[in-house]
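# Descriptive structure summary
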Amino acid sequence: MRYIFYLCFIISGLFPIYALQAQDNTICVPNDIKLEKVALWRDTYRVNTNNATLYSVPNEQCKLESVLPTDTKLKVLGKVADYYLITDNKNTQAYIHTQDVSLSGISFNFYFTLVSMVAVLLLGRFIIERVKILQDYNIPEPVVGGIISAVIILVIYKTLQLEFTFDSSLSEPLMLAFFSSIGLSADFSALKKGGKMLGIFLVLIAGVLVLQNLVGVGISYAMGENPLLGMLGGSITMSGGHGTGATWAKVFEAQPYNFSAATGVAMACATFGLVMGGLIGGPVARFLIKRHNLKIPGAQHNNDDVHGFETPMKERLITPISFVESLALIAICLLVGKVLEESIRDISPGLNLPAFVYCLFTGVILRNTLQALNIHQVFDREVSVLGNVSLSLFLAFAMMTLNLWQLLSLALPLVVILTAQTILMVLYAVFITFRFCGKNYDAAVLAAGHCGFGLGAMPTAMVNMQAVTSHYGPSHIAFIIVPLCGAFFIDLVNAVVITGSLSIIP
């Protein structure tokens, strides 16, 4: 009996120890933890301390062996007291002290992004109406408002380490709608007016594409850099824009090129081109008009037999049913264009044409087929309104979402290449485009448009020409030739030039 008593005494003494051990083993098991939700628009954080400690549960006793270095980007899934539940790019979940992280990104949803786009346009108009030099040099509203917004975002990024992310779901549809409206406005009978000038301008476009690659690759060789850097700083992004740049960057990152920095370089170059294309077009046209004392039609003639895209501010009579019909035509172009892009990509992976080329081509065929069969007459005024609205909103989004810090971080060789490309485009527009297009007012407007898509993108070319013609008067031929060459033919020619340039690079 005495032994039984001793045994019970020992067991009773050990029980608290076993209970404590059991408690220690279960305290770090994540059971029944109630998370406080964190809004999606502010769920991006970064580590602000060196080697931040991670925990398996929100408890100081449950440290994990792994730590996170400074500036690691994280997604916050929820909050418990003084801890955040976070996940990294490997979808690994853990807890971290709230004091060890700080907000690094704000994501704006669709509605806030739409309001921001409209605000950028209104800001641009407000500034231009009050700054005479911007009016004199015909700087477009989306460029002015967009650059101001981009600079503000850059300052916030540099001072507060806070990055803004906008919803991009509207960007591509707006761009495709703009190009579709150009196609729907292309009446074959009107295209005949382009005549010989259309062929001349197309040859001039091919010439600058070749020169852009020669300049880019030549400077790369001279500075001892990879020639692919020069290709990405050449016609791929200067005349091809972000879409062509992203497409070719994927090619350069894979075998046999293995140029790992291709995407970053391409986006930086295309961004630089977009900014400069919008800045130099108007001043180039103004210089040519003043230097050669060109006869201008005068802004009072802007409403004479006007093309839909020449005067975006003109009031047009629109009815609900005709507006819906025009919207339906643009929607068909978007649908068919995207289907064609995906289908042709599957059939011929080497043919890297962006979606807007197919949308524009669909618009041309649709309009002229309906007209030839006497099925439906496209109402140009509704199409032009839809196209101009899409153009303005797309450019506002493109400019306000520029990552200017990418340009600030460019290496010296790329800065030299891009500066040389800007000088080349100005000289080419002044001495080649203007001269061979007739050395008249129409040639000056064509030169402004060429600067737009020769460095940036077709939407930039259109707003460049709109800014010039709203100040000096209409140029019907320019609004026939530039959309066709800058939106359709240039991508076909550029694909041939890029492939040919790559074939001769050792």
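Residues take numbers from 1 onward in each chain, read along the sequence in its written order. The predicted nature of this model means local features are confined to residues of pLDDT at least 70 and side-chain atom pairs, given and counted, to a pLDDT of 80 or more, with totals for whole chains, interfaces and linings taken over all residues. Hydrogens are left out, water is left out, and the side-chain values use all remaining heavy atoms of the structure.

### Points about the overall build of the protein chain
As a reminder, the rule being used: In this text, helices come from DSSP runs of H or I with a minimum length of four residues, and strands from runs of E with a minimum of two, each type numbered from the N-terminal end. The cut-offs for exposure are 20% and 50% of the maximum accessible area for each residue type, with area from a 1.4 Å probe on protein chains only; residues under the lower value are buried, those over the upper are exposed, and the others partly exposed. For accessible areas, the Shrake-Rupley method is used with a probe of radius 1.4 Å. Any residue's cover is judged against the shown protein chains and nothing else.
For the protein chain, the helix and strand inventory stands at 19 helices and 8 strands. By the burial criterion, 48% of the 506 residues in the protein chain qualify as buried. When the accessible surface of the protein chain is totalled, it reaches about 24,600 Å², and 64% of it is carbon and sulfur.

### Concerning the nonpolar core
The tendency in soluble globular proteins is for nonpolar side chains to be buried side by side. This is how it is decided: As used in this record, nonpolar core signifies buried Ala, Val, Leu, Ile, Met, Phe, Trp, Tyr and Cys residues forming a set joined through side-chain atoms within 4.5 Å. Contact criterion: two residues are considered in contact whenever any of their non-hydrogen atoms come within 4.5 Å of each other.
With 120 residues, the main nonpolar core has Phe 201 and Phe 252 as its most contacted residues. No other element matches the 12 residues that helix H11 (residues 262-291) contributes to this core. In contact with Phe 201, other than residues within four places in its own chain, are Thr 433, Cys 437, Leu 446, His 450, Phe 453, Ile 481, Val 482 and Cys 485. Core analysis: the next-biggest nonpolar cluster, separate from the first, contains 13 residues, Val 38, Leu 68, Ile 96 and Val 101 among them.

### Some thoughts on helix H2 (residues 110-130)
Our working rule: Take the number of residues in a helix, subtract one, and multiply by 1.5 Å to get its expected span. Picture the helix axis, draw a direction to every C-beta atom, and the arc is the one those directions span.
With 21 residues, H2 should reach 30 Å at 1.5 Å per residue; the first-to-last C-alpha distance of 31 Å fits that figure. Every buried residue belonging to H2 is among Thr 113, Ser 116, Met 117, Val 120, Leu 121, Gly 124 and Ile 128, and all of these are buried. The buried residues of H2 occupy one face: seen down the axis, they fall within an arc of 135°. Among the exposed residues of H2, those oriented more than 90 degrees off its buried face are Tyr 111, Val 115, Leu 122, Glu 129 and Arg 130. Turning to H2, the residues buried within the fold contact strand S7 (101-108), helix H3 (132-136), helix H4 (141-160), strand S8 (163-166), helix H5 (171-184) and helix H14 (380-400).

### Brief notes about the packing of aromatic side chains
So the rule is basically this: Here is the rule: rings of Phe, Tyr and Trp (six-membered ring for Trp) pair when centre to centre is within 6.5 Å. Planes less than 30 degrees apart are stacked, more than 60 are edge-to-face, and the remainder are tilted.
Tallying each qualifying case throughout the model produces 9 aromatic pairs. Between Tyr 45 and Tyr 84 the ring centres are 5.1 Å apart and the planes differ by 45°, which places this aromatic pair in the tilted class. Placement of the pair is Tyr 45 in strand S1 (residues 44-47) and Tyr 84 in strand S5 (residues 83-87), with a sequence separation of 39 residues. Each member of the pair, Tyr 45 as well as Tyr 84, carries the same accessibility label: buried. Look at Tyr 55 and Tyr 83: their rings are 5.5 Å apart centre to centre, the planes differ by 85°, and that puts the pair in the edge-to-face class. One end of the pair, Tyr 55, is in strand S2 (residues 52-55); the other, Tyr 83, is in strand S5, with 28 residues separating them in the sequence. Side by side, Tyr 55 and Tyr 83 carry an identical accessibility label, which is buried.

### Some remarks on the state of the cysteines
Our working definition: Pairs of cysteine sulfur atoms within 2.5 Å are what we label disulfides.
Across all of its chains, the model carries 0 disulfides by this definition. Free cysteine Cys 359: the closest other cysteine sulfur is in Cys 333, separated by 7.0 Å.

### Comments concerning the pattern of salt bridges
Heads up, the rule is: What makes a salt bridge here is a side-chain nitrogen of Lys or Arg within 4 Å of a carboxyl oxygen of Asp or Glu, nothing more.
Inspection of the entire model under this criterion finds 7 salt bridges. One salt bridge in this structure joins Arg 125 and Glu 141, with 3.8 Å as the shortest N-O distance. With Arg 125 in helix H2 and Glu 141 in helix H4, this pair connects stretches of sequence that are 16 residues apart. A relative accessible area of 25% means that Glu 141 is categorised as partly exposed. Of the charged contacts, one joins Arg 130 and Glu 129 as a salt bridge, the two residues approaching to 3.5 Å between their closest N and O atoms. Summarising the burial analysis for this pair, Arg 130 and Glu 129 share the class exposed. If you follow the salt bridges from partner to partner, you end up with Glu 172, Lys 338, Glu 341 and Arg 345 in one network.

### Details of the packing of H11 against helix H18 (residues 458-472)
Between two packed helices, both the angle of their axes relative to each other and the distance between the axes serve to describe the pair. The condition that has to hold: What counts as an axis is a line fitted to C-alpha atoms, over the stretch in contact for a helix, and the angles between N-to-C directions run from 0 to 180 degrees. Geometric relationships in this document are graded by angle, where less than 35 degrees denotes roughly parallel, more than 145 denotes roughly antiparallel, 65 to 115 denotes roughly perpendicular, and other angles denote oblique. When the near helix sits turned anticlockwise from the far one by under a right angle, the crossing is termed left-handed; a clockwise turn instead gives a right-handed crossing. Residues are grouped as follows: nonpolar covers Ala, Val, Leu, Ile, Met, Phe, Trp, Tyr, Cys and Pro; charged covers Asp, Glu, Lys and Arg; every other residue, Gly included, is treated as polar.
Contact pair H11 / H18: the axes reach a minimum separation of 9 Å and the direction vectors enclose 30°. Taken together, H11 and H18 sit at an angle that is classed as roughly parallel. When the axes of H11 and H18 are compared, the crossing they make is right-handed. For the pair formed by H11 and H18, the contact residues are Leu 274, Gly 277, Gly 278, Gly 281, Gly 282, Ala 285, Arg 286, Ile 289 and Lys 290 on the first element and Thr 460, Asn 464, Val 468 and Tyr 472 on the second. For the contact of H11 with H18, the per-class residue count stands at 5 nonpolar, 6 polar and 2 charged.

### Section: helix H12 (residues 320-347)
With 28 residues, H12 ought to run about 40 Å at 1.5 Å a step, and its terminal C-alpha atoms sit 40 Å apart, in line with that. Listed as buried for H12 are Ser 322, Ser 326, Leu 329, Ile 330, Cys 333, Leu 334, Gly 337 and Glu 341. For H12, the secondary structure elements touched by its buried residues are H5, helix H13 (355-372) and H14.

### Regarding a nonpolar patch on the surface
Basically, it comes down to this: Put simply, a patch holds well-exposed residues, over 30% relative accessible area, that have no salt bridge, with like charges counted together within 9 Å and Val, Leu, Ile, Met, Phe, Trp or Tyr side chains within 5 Å.
A cluster of nonpolar side chains, contributed by Phe 110, Tyr 111, Leu 114, Val 118 and Leu 122, occupies part of the molecular surface with about 460 Å² of accessible area. On the accessibility criterion, Phe 110 (31% relative accessible area) is partly exposed.

### Considering unusual backbone geometry
We note that Asn 51 has phi near 55°; this positive angle belongs to a residue other than glycine. For Asn 51, a relative accessible area of 43% corresponds to the partly exposed category. One non-glycine residue with positive phi stands out, namely Gln 161, at about 55°. Tracing the chain through its elements places Gln 161 in the loop between H4 and S8. Look at Gln 161 and you get partly exposed, because its relative accessible area is 34%.

### Some words on the confidence of the model for the protein chain
As a reminder of what qualifies: On a scale of 0 to 100, pLDDT captures the predictor's confidence in every residue.
Mean pLDDT for the protein chain: 82, with 86% of residues reaching 70 or above. Throughout residues 3-24 the model reports pLDDT below 50, and contacts reaching past four residues in sequence, or to other chains, amount to 0 contacts.

### Quick notes on the side chain of Thr 237
For the record, the criterion: By the criterion applied in these results, polar contacts are pairs of N or O atoms within 3.5 Å in which, for protein atoms, one can donate a hydrogen and the other can accept it, and in which residues neighboring in sequence qualify only through two side-chain atoms.
Along the polypeptide, Thr 237 turns up in helix H9 (residues 235-238). Within the local environment of Thr 237, its side chain forms a polar contact with the backbone oxygen of Leu 232, the two atoms lying 2.5 Å apart. Residues within four places of Thr 237 in sequence aside, it is in contact with Leu 232, Gly 245, Ala 266, Cys 269, Ala 270, Leu 455 and Gly 456.

### Details of the environment of Phe 179
Turning to its location among the elements, Phe 179 is positioned in helix H5. Residue classification places Phe 179 among the buried residues on the basis of a relative accessible area of 2%. Considered as a pair, Phe 179 and Ile 330 are 151 residues apart in the sequence and their alpha carbons are 9.2 Å apart.

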